[in-house]
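Architecture and fold: a report
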Amino acid sequence: MTLVAGVDSSTQSVKVVVRDAETGALVREARAAHPDGTEVDPAAWVQALNSVLDGALESVSALAIGGQQHGMVALDGAGEVVRPALLWNDTRSAPDADDLVAELGGPQAWADAVGSVPVAAFTVTKLRWMARMEPENAQRTARVMLPHDYLTWLLAGRPASAATDRGEASGTGYWSPITGGYRTDLLALALGHDAELPRVAGPSEAVGEMPGGIVLGPGTGDNMAAALGIGAGPGDVVVSLGTSGTAFAVSDVPARDPRGLVAGFADATGHFLPLVCTLNAARVLSATASMLAVDLDGLASLALAAEPGAGGLTLLPYLDGERTPNLPWAQGSLHGLTRANMTPANLARAAVEGMLGGLADAVDALVEVGVQPRRVLLVGGAAANPAVGAVAATLFDVPVVVPPAGEYVADGAARQAAWVLAGGAEPPAWAQVRDGHPVEYAPSPVAEVRAAYARARSALYAG
């Protein structure tokens, strides 16, 4: 049996799965926590990764890493970290995003250049923030990597040239999925000077070896890895509910949305991945459960006991600011509160509806750039909550499917590693690799739920 390993180095933790390269059958897995925060010393990722790989790599032939997108890892000429990495959910570079958009000539210019209009999440805006606020660190920066690039580079023994893939590169703001090349002028516009960037490897290209001969795949971003892990096909819109919320679909053509709602990313297979991201997803539920002094199952029971629309209660869940719509300084707000609807059940329902309301808008935005949904696949930690699928069916007008819980990002990375070993034009077609069966909810949209969410958003943010 040939074994491959896939790593998910996410915001909150790192997971590794080891699978049979031919069938995808799970052999073993492990996980470790990452420190909380929006600014993290990459050494913490390295320590956590080493702890999960210790003892997990016996007989493994290839490994790939799926990582959190966008984070800025700045290195000096010796390859040492200049400052703690700024993560995707760090919003301090919001003014810098606005400045960069204006300096290039507006949103349309950015959409034409790199397929996306940069917001605070994007690496390019974080580089501008560093140049503005920490000019000495910016001047010391000779290399820029993303979190998964950095970890792959270390596992490969710090070679002269690092490697990334199309998916990760497309989230920087200085690589174009439209042309397939870096826009080093945009890097210099942000940082103030040029810097060395990882080469962009092919989807199934080996980019190095670990000690002992384990072949390294190029890896990819977490959303791209999830799409590969779940086997997303035409008509599938994946709604992922982790720390952030994302809605994305595989496409044959790159997206260029000057509104800035849809990011025109590339995927991990040579295609494209138009994507909408919200900052607030699973933690909306955990924070509400904490406030109501219940666990997540208790929150689900309360939410399902309330009627759709939560008695007129609407939550805008911008608890950590928001990325889509681009409101980095926004805060959460509760609308329509009356004595009659002030119940734990209505608040629980409003939390689930609020989390999903922004993602229903996200799916609408994908439709507007040409995506034609056949079904919505709910994945990520919050998708397992019993209320989420049932409530989602009231917001989407296509079937909602909740696949068996799994580590889809790590699985996608493992599938890429198997592809690197096997070669060929397509990744291996693994059979069902998870226990359990998907749960499907027939669409039963309640128009007033979406309408109330839109009214609440417009009342505060006029759009």
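Residues numbered from 1 in each chain as written. Predicted model: local features only at pLDDT ≥ 70, side-chain atom pairs only at ≥ 80, totals over all residues. Heavy atoms only, no water.

Looking at the overall build of the protein chain
Helix and strand content of the protein chain: 15 helices and 24 strands. By the compact-globule yardstick of 23 Å for 463 residues, the protein chain fits well, its C-alpha radius of gyration being 21 Å. Overall size of the protein chain, expressed as C-alpha extent along the three principal axes, is 65 × 55 × 40 Å. Within the protein chain, counting contacts between residues at least 6 apart in sequence, those at least 24 apart form 72% of the total. (Helix = DSSP H or I, 4+ residues; strand = E, 2+ residues; numbered from the N terminus. Rg over C-alpha atoms; globule rule 2.2 N^0.38 Å. Contact = heavy atoms within 4.5 Å.)

So, the nonpolar core
Leu127, Met130 and Tyr174 are the most contacted members of the largest nonpolar core, which totals 46 residues. Looking at this core element by element, the count peaks at six residues for helix α9 (residues 222–230). Ignoring any residue separated from it by four or fewer positions in sequence, one finds leucine 127 in contact with Met72, Val144, Tyr174, Leu187, Ala190 and Leu191. Grouped together as the second largest cluster of nonpolar side chains are 45 residues, Leu241, Ala351, Leu366 and Phe396 included. (Core = buried A, V, L, I, M, F, W, Y, C linked by side-chain atoms within 4.5 Å. Buried < 20%, exposed > 50% of the residue type's maximum accessible area, 1.4 Å probe, protein only.)

Remarks on the packing of aromatic side chains
Counted under the stated rule, the structure contains four aromatic pairs. Centre to centre, the rings of phenylalanine 122 and phenylalanine 265 are 6.1 Å apart; their planes meet at 40°, and the pair counts as tilted. Remark: phenylalanine 265 occurs in strand β18 (residues 263–266) and phenylalanine 122 occurs in the loop between α3 (107–114) and α4 (123–133); sequence separation between them is 143 residues. Overall, phenylalanine 122 belongs to the buried group, its relative accessible area being 2%. The class of phenylalanine 265 is buried, set by a relative accessible area of 1%. Lying over the aromatic face of tryptophan 129, arginine 92 brings its terminal NZ or CZ to 4.9 Å of the ring centre. Positioned over the ring face of phenylalanine 272 is arginine 166, at 5.3 Å from the centre of the ring. (Phe/Tyr/Trp six-rings, centres within 6.5 Å; stacked < 30°, edge-to-face > 60°. Lys NZ or Arg CZ within 6 Å of the ring centre and 35° of its normal.)

Things to note about the side chain of arginine 83
Considering the arrangement of structural elements, one finds arginine 83 in the loop between β6 (73–75) and β7 (85–86). Side-chain polar atoms of arginine 83 contact the side chain of glutamate 134, separated by 2.5 Å. In contact with arginine 83, not counting residues within four places along its chain, are Glu39, Met72, Ala74, Arg92, Trp129, Met130, Glu134 and Asn137. (Polar contact = N/O pair within 3.5 Å; in protein donor to acceptor, adjacent residues only side chain to side chain.)

What about helix α8 (residues 184–191)?
Along α8, the residues that are buried comprise Leu186, Leu187, Ala190 and Leu191. One side of α8 holds all its buried residues, which, seen down the axis, span an arc of 120°. The positive-phi residue at the C-terminal boundary of α8 is glycine 192, with phi of around 95°. (Arc of directions from axis to C-beta.)

A few points about helix α14 (residues 408–422)
Given 3.6 residues per turn, any residue in an α-helix points the same way as the ones three and four places further on. Along its 15 residues, α14 runs 21 Å from first to last C-alpha, staying within 8% of the 21 Å computed at 1.5 Å per residue. Among the 15 residues that make up α14, 13 are buried, leaving the element largely enclosed by the rest of the structure. Positive backbone phi, approximately 70°, marks glycine 423, located one or two places after α14. (Expected span 1.5 Å × (residues − 1).)

As for the pairing of strand β16 (residues 236–241)
Most of β16 sits out of view: six of its six residues are buried. On β16, burial covers both faces: Asp236, Val238 and Ser240 on one face and Val237, Val239 and Leu241 on the other are all buried. In the sheet, β16 pairs with strand β22 (residues 375–379) via five bridges, with the strands oriented parallel. Opposite aspartate 236, over in β22, you have arginine 375 as the bridge partner. Bridge count for β16 against strand β17 (residues 245–248) is four bridges, and the pairing is antiparallel. Following the sheet pairing, leucine 241 is matched in β17 by glycine 245. (Pairing = 2+ DSSP bridges.)

Structural notes on the sheet that holds strand β23 (residues 400–402)
The strands that make up a sheet are held in pairs by hydrogen bonds between backbone atoms, and each pair lies either parallel or antiparallel. Taking strand neighbours across the sheet as the criterion, the seven strands line up as β18-β19-β17-β16-β22-β23-β24 in an open arrangement whose pairing is mixed. Single-partner strands in this sheet number two, and they are β18 and β24 (439–441). Taken pair by pair, the neighbouring strands of this sheet meet at an average axis angle of 25°, ignoring direction. As defined by bridge partners, β23 adjoins β24 across three bridges and the pair is classed as antiparallel. The residue of β24 that forms the bridge with valine 402 is valine 439. (Axes fitted to C-alpha atoms, helices over the stretch in contact; angles between N-to-C directions.)

Considering the pairing of strand β1 (residues 3–9)
Across the seven residues that make up β1, a large majority, seven, are buried. Here β1 shows no split at all, with Leu3, Ala5, Val7 and Ser9 on one side and Val4, Gly6 and Asp8 on the other all buried. Sheet analysis places β1 next to strand β5 (residues 60–67), joined by seven bridges and oriented parallel. Opposite glycine 6, over in β5, you have alanine 64 as the bridge partner. Here seven bridges tie β1 to strand β2 (residues 13–20), and the two strands are oriented antiparallel to one another. Note that in β2 the partner of alanine 5 across the bridge is valine 18. Connecting β1 to the antiparallel partner β2 that follows it, the hairpin turn spans three residues.

Re the side chain of serine 93
One can find serine 93 in the loop between β7 and α2 (94–104). With relative accessibility at 1%, the residue serine 93 sits in the buried group. A polar contact of 3.1 Å, which involves the side chain of serine 93, links it to the backbone oxygen of alanine 120. Side-chain polar atoms of serine 93 contact the side chain of threonine 125, separated by 2.8 Å. The contact partners of serine 93, leaving out residues within four places of it in the chain, are Ala120, Thr125, Lys126 and Trp129.

With respect to the environment of proline 147
In this structure, proline 147 sits in helix α6 (residues 147–155). Owing to a relative accessible area of 2%, proline 147 belongs among the buried residues under this scheme. Measuring from C-alpha to C-alpha, the distance between proline 147 and glycine 221 comes to 9.2 Å, with 74 residues separating the pair along the chain. Here proline 147 is in contact with Trp45, Gln68, Gly71 and Val73, once residues within four sequence places are set aside.

Honestly, it's all geometry; don't read function into it.
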